[in-house]
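Structural overview for review
Here is how the chains run, residue by residue.
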Amino acid sequence: MDTKHCAVDGWVDAIPAPGPRGTATFDLIVRPADADTVAQDAPDTVVACTSGDPRITHELLTGIQPGDLLRVTGTLVQSQTPGEPARLTLDALEVLDTALVPVLRDMVMDRYGDYCVIFDADTDAVPVFTALGQWVGLADNPDAIATLIDIHERVTGGDA
C-alpha cells in the first residue's frame, strides 16, 4: 500500500460520526489545487478521514459541522480498489473557516398553543400533534404548520 504523511484542506461533507473504540469518521471534500483552471464539472476528491486521538475526536463530534473548511494532517493511504476513496488517519486538525449556517444536530420540539411540532434537520416536513398526543398531520414545511393547524381546528371545531 502507498502511504504518505500530508496535510489536506477541504470541506466537511456531513456531520462526523462516532466510530468504534473512541474514533470519529467523516468525509472531506477536496477541490483541485488549480480549481480556477480545470473544467467546471471536474469532480472533487473525497477523502475518508478517521481519528483516534481523543482531543480530535471530541472536536469532530461536538464542534464540526457540514460546510466547515478544515486542514487535516495525517497518514494518507491510497485505496487499491478503483473508485474507493483514499483514507486519512488524522494526527492534527485545524478549522480554517466555519460554515455560514449552523446545522441542527437533533430534533427540536416546539409548541404552538395546543399543538406540538417536531423539527428535524434531515427533512423539511414537520409532524404536528395536539398537546395530548393526537396525530394532526404532516406539514410539508415549517411555513405550512399554521395552515395545517387551521384546517384541523375547522374540522374538529377547535378541539385540540
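Here's the deal with the sheet that holds strand β9 (residues 126-130)
To summarise the sheet geometry, strands pair through backbone hydrogen bonds and adopt either a parallel or an antiparallel arrangement. Pairing is antiparallel across the open sheet formed by four strands, whose spatial order is β7-β8-β9-β10. Each having just a single partner strand, β7 (108-112) and β10 (135-139) make up the two edges of the open sheet. With direction set aside, neighbouring strand axes in the sheet form an average angle of 25°. As judged from the five bridges shared by β7 and strand β8 (residues 115-119), these two strands associate in the antiparallel manner. In the strand pairing of β8, M109 is matched with I118. Across the sheet, helix α2 (residues 145-156) is in contact with β7, β8, β9 and β10; its angle to β10 comes to roughly 150°.

Some words on the pairing of strand β5 (residues 69-77)
In the sheet, strand β1 (residues 3-12) pairs with β5 via nine bridges, with the strands oriented antiparallel. Within the sheet, the bridge partner assigned to D9 lies in β5 and is R71.

Let's talk about helix α1 (residues 54-63)
Turning to α1, its buried residues number three or more, namely I56, T57 and L60. Buried residues of α1 fall within an arc of 100° about the axis and therefore sit on the same side. Away from its buried face, by an angle of more than 90 degrees, α1 presents the exposed residues P54, R55 and H58. Close packing links the buried residues of α1 with β3 (24-30), β4 (45-51) and β6 (86-97). Two or three places before R55, at the opening of α1, D53 has a side-chain oxygen 2.8 Å from that residue's backbone nitrogen.

Looking at the pattern of salt bridges
If you walk through the whole model with that rule in mind, you get four salt bridges. Two residues, R71 and E94, come together in a salt bridge whose shortest N-O distance is 3.9 Å. Of this pair, R71 sits in strand β5 while E94 sits in strand β6, and the two are 23 residues apart along the sequence. Owing to a relative accessible area of 33%, R71 belongs among the partly exposed residues under this scheme. Using a relative accessible area of 40% as the deciding quantity, one classes E94 as partly exposed. Between D150 and R154 there is a salt bridge, with its nearest N and O atoms 2.6 Å apart. Here R154 and D150 lie together in helix α2, a separation of four residues that amounts to about one turn. Residue D150 is classed as partly exposed on the basis of its relative accessible area, which comes to 37%. By relative accessible area, R154 is classed as exposed at 61%. Ionic contacts of the salt-bridge type, sharing partners, join the residues D9, R71 and E94 into one network.

How each quantity is defined
- Residues numbered from 1 in each chain as written.
- Predicted model: local features only at pLDDT ≥ 70, side-chain atom pairs only at ≥ 80, totals over all residues.
- Heavy atoms only, no water.
- Pairing = 2+ DSSP bridges.
- Helix = DSSP H or I, 4+ residues; strand = E, 2+ residues; numbered from the N terminus.
- Axes fitted to C-alpha atoms, helices over the stretch in contact; angles between N-to-C directions.
- Contact = heavy atoms within 4.5 Å.
- Buried < 20%, exposed > 50% of the residue type's maximum accessible area, 1.4 Å probe, protein only.
- Arc of directions from axis to C-beta.
- Polar contact = N/O pair within 3.5 Å; in protein donor to acceptor, adjacent residues only side chain to side chain.
- Salt bridge = Lys/Arg side-chain N within 4 Å of Asp/Glu carboxyl O.

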